[in-house]
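Given next are the chains, with one letter for each unit.
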Amino acid sequence: MDRPVIELVEVRKSFVMPGGEERIDVLDIPEFRLDAGAHCALEGHSGSGKSTLLNVISGIQRADSGRVVICGTDIGSLPEPARDRVRADRLGLVFQQFNLLPGFTALENVLVAMAFGSGRADRGRATDLLSAVGLGHRLHHKPAELSVGQQQRVAVARALANRPRIVLADEPTASVDAAHQQQVIDLLRTTCTEHGVALLVVTHAPEVAGQFPHRLRLEDFNRAARTPAR
Amino acid sequence: MSLLGIAWRTIRQRLFTSLLTSLSLALGVALVVATLITAGVVKRAFASGGGLGYNMIVGAKGSPLQLVLNSVYLISRPIENISWDFYREFLPAAERPDGMAGRYAASVQTAVPICMGDYFRGYRVIGTNAAYFDRMTTVDGGPFRFAAGVNFRDDDFFGGVLGHEVARRLGLAVGDTFSPTHGADDGAVHDPFRVTGILARTDTPVDRGVYVNMEGFFLQEGHAKPLDGESASTTPAAQAQPAGGGGRPAPLPDAQREVTAVLVTTASIPGLPAELMAMGLKQAINEGRDGQAAEPVREIRQLLDLFVRPLELLLLLVTALVVIVSAIGILVSMVGSSLERSRDVAIMRALGARRSHVLATVLIEAVLLAGAGGLAGWVLGHLLVASIGPLITTNAGVSVGVLSGAPLAELLLVPALVLLAVGAALLPAIAAYRTDVARWLQGPG
Ligand SMILES: Nc1ncnc2c1ncn2[C@@H]1O[C@H](COP(=O)(O)OP(=O)(O)OP(=O)(O)O)[C@@H](O)[C@H]1O
Ligand SMILES: [Mg+2]
């Protein structure tokens with residue numbers, strides 16, 4: 001259990017400012033690890049690079065330099081299609097909003113995720129996952145017919161569709177009202193615990209971050225964030 | 001859920017736009033298919049004249065095209081008649097009362113007279129003799145075949161033969177009688193003729209003809225040429241006794257006879273090419289004052305060159321335009337939804353979809369839209385033609401069914417449309433391919 005599922009070494013990421021030669025450094029991380037099955041909250045001021053970090057981990061964006069090792073694979077050296085494959089099979093993603101495909105039902109949203117992974121699309125498993133998040137009676141509802149909280153629950157179920165080793169959540173409770181915020185966090189934590197999945201949650205809410213056994217501030221290990229951007 | 005399933009879902013998600021796109025496509029294709037078939041049918045109808053059992057038509061001086069349209073296609077305004085004496089110049093000695101061969105007999109193999117001007121329930125009545133079906137050939141070069149009954153005999157003055165279409169449409173059978181009307185359909189009603197036979201289908205204008213013994217035809221009111229000095233209203237010299245009456249009536253005297261045209265098959269003599277023989281005969285006739293000779297194949301070809309070819313070109317242009325407009329329609333509808341699409345693409349990519357998956361779903365969507373619209377249009381076009389088919393049949397003498405025609409252009413239409421749709425969809429597909437996932441995951445904007 002002590003082999004990390006995420007391991008970043010000397011990772012740098014910078015963006016070219018729109019319409020200029022000037023580059024701004026967003027990530028400069030000497031080292032970052034997340035152990036298998038570990039649950040961790042990630043805080044940091046706005047613009048400190050939290051979303052960028054998650055994108056680099058999930059392979060959506062590529063680091064300029066350094067090693068990004070996911071479950072033993074250095075995705076920094078992989079071509080994009082291979083990174084996509086790793087993301088499909090090893091990672092589950094949950095965002096603040098706009099998680100679901102609006103034209104697809106709850107069940108179909110889970111099935112679509114399965115379609116991009118290596119395994120087959122398994123209706124039974126998709127149904128079980130949705131039932132586990134309390135949406136067994138909303139399988140055939142489109143996102144527009146679900147509350148925001150319910151949509152987030154579908155997103156959690158979908159993140160687990162391909163039996164990932166890691167779930168990354170970027171402010172999953174920011175669009176949910178306070179009453180349902182706890183529900184979503186509990187759901188993420190219990191399901192990830194159940195399946196032995198590592199969980200990295202970005203949050204601005206101290207009461208959310210406080211519930212996690214590990215609680216990190218990005219400024220602490222991202223040298224680029226120590227001087228607030230702009 | 002397969003890529004096809006995802007594409008299908010995306011179409012359903014934008015059902016209204018998708019339906020409109022496919023519908024506009026379907027209407028365009030239906031239009032093209034219907035026009036293509038109709039043009040093909042019209043062309044075939046005229047081209048079938050090439051398989052006539054005769055190669056020359058002799059009639060009154062005037063437009064050779066009108067002579068051909070009248071005699072071959074049984075359309076256009078009726079034309080003037082030629083004299084009985086002129087007709088007999090085409091007959092061999094054995095068929096002439098004076099026992100001397102006609103002036104043109106040496107160049108002629110068969111000469112069949114036709115008399116026109118009467119109608120029966122919208123169909124043209126043609127007075128002729130038994131030689132029409134006994135000695136001439138039909139489209140395939142073989143003899144005329146009868147679906148029922150036999151040809152009328154020359155001595156059966158009130159016998160007649162019906163074209164296949166006429167018998168079918170009017171529900172007439174062998175043994176039934178029918179009374180043609182003089183001139184137009186509302187003209188005076190003539191004596192009844194008895195059906196002796198019904199021709200097998202030929203897919204030529206013959207199917208639309210009502211053929212009667214011209215001896216009976218001559219005896220009808222208004223058909224006898226007035227003798228010099230007499231008024232036009234003179235009754236025939238002999239009183240007609242129609243079918244069913246006892247005994248055979250006296251035939252109309254030669255002096256009062258005239259025919260509308262003579263269908264001539266020129267003779268072929270060893271050593272002299274048939275074309276030369278025909279050319280010589282035509283020249284000889286056209287130099288005279290009695291009438292003109294027209295070669296139907298030549299007239300038909302000119303007609304095709306003059307009208308049908310340019311129409312075909314125009315049609316091709318219309319087809320191309322419809323295809324292009326359809327492609328633009330697809331492009332517009334797909335580009336229009338690209339904002340929604342960008343978010344969908346970002347979500348799918350976050351789930352692990354590759355760029356190539358995303359590209360494929362957009363192209364599949366275009367193929368589905370174009371394919372469905374194209375096929376629906378194809379079916380619609382054929383149904384359209386089938387529903388107006390009877391109209392074409394009556395006017396062109398060619399039967400048209402649901403699956404009739406399928407010229408190459410038509411078979412290529414739907415695949416071409418799908419290809420073009422894919423081409424048009426490349427723009428939104430590439431946009432989808434290049435979607436900046438990170439940006440769209442933060443929300444639109
Ligand atoms: N594609 C891009 N091009 C240029 N700059 C970018 C791009 N993406 C992010 N940035 C910049 O990188 C910095 C970090 O952005 P990021 O979204 O990672 O911050 P964050 O910590 O998630 O902030 P928040 O808490 O507001 O979500 C910001 O200054 C942002 O402007
Ligand atoms: Mg962020």
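Located above this text is the structure these notes cover.
Residues numbered from 1 in each chain as written. Chains lettered and ligands numbered in written order. Predicted model: local features only at pLDDT ≥ 70, side-chain atom pairs only at ≥ 80, totals over all residues. Heavy atoms only, no water.

**Concerning a nonpolar patch on the surface**
Residues and elements named next belong to chain B.
Argument step 1. A contiguous nonpolar surface patch, about 560 Å² in accessible area, is contributed by L31, L311, L314, L317, V318 and L321.
Argument step 2. For the nonpolar patch, the element with the most residues is helix α9 (residues 296-336), which contributes 5 residues.
Argument step 3. Along the chain, L311 falls in helix α9.
Argument step 4. Using a relative accessible area of 53% as the deciding quantity, one classes L311 as exposed. (Patch = residues over 30% accessible without salt bridge, like charges linked within 9 Å, V, L, I, M, F, W, Y side chains within 5 Å. Areas by Shrake-Rupley, 256 points an atom, 1.4 Å probe, with all protein chains shown as cover. Salt bridge = Lys/Arg side-chain N within 4 Å of Asp/Glu carboxyl O. Helix = DSSP H or I, 4+ residues; strand = E, 2+ residues; numbered from the N terminus. Buried < 20%, exposed > 50% of the residue type's maximum accessible area, 1.4 Å probe, protein only.)

**Some thoughts on the state of the cysteines**
Argument step 1. Scanning the entire structure with this criterion turns up 0 disulfides over all chains.
Argument step 2. Here C40 of chain A stays free of any disulfide, with the sulfur of C192 of chain A as its closest cysteine sulfur at 13 Å. (Disulfide = S-S within 2.5 Å.)

**Considerations on the nonpolar core**
Argument step 1. Judged by nonpolar contacts, the single largest core of 73 residues is most densely connected at L130 and V167 of chain A.
Argument step 2. Those residues within four positions of L130 of chain A in sequence are excluded, and the remaining contacts are A106, L107, V110, L135, G136, L139, V154 and A157 of chain A.
Argument step 3. Counting residues in each nonpolar core, the second largest holds 42 residues, with V195, V210, L219 and V259 of chain B among its members. (Core = buried A, V, L, I, M, F, W, Y, C linked by side-chain atoms within 4.5 Å. Contact = heavy atoms within 4.5 Å.)

**A few points about the packing of aromatic side chains**
Residue and element names in this part refer to chain B.
Argument step 1. Across all of its chains, the model carries 15 aromatic pairs over all chains by this definition.
Argument step 2. With a centroid separation of 5.7 Å and 85° between ring planes, the pair formed by W84 and F218 is classed as edge-to-face. You can see W84 sitting in helix α4 (residues 84-88) and its partner F218 sitting in helix α7 (residues 214-218), a full 134 residues away along the chain.
Argument step 3. Classification of W84 as buried rests on a relative accessible area of 7%.
Argument step 4. Looking at F218, the relative accessible area reads 1%, which means it is buried.
Argument step 5. Ring geometry for F86 and Y104: centres 6.3 Å apart, planes at 85°, overall edge-to-face. You can see F86 sitting in helix α4 and its partner Y104 sitting in the loop between α4 and β3 (108-120), a full 18 residues away along the chain. (Phe/Tyr/Trp six-rings, centres within 6.5 Å; stacked < 30°, edge-to-face > 60°.)

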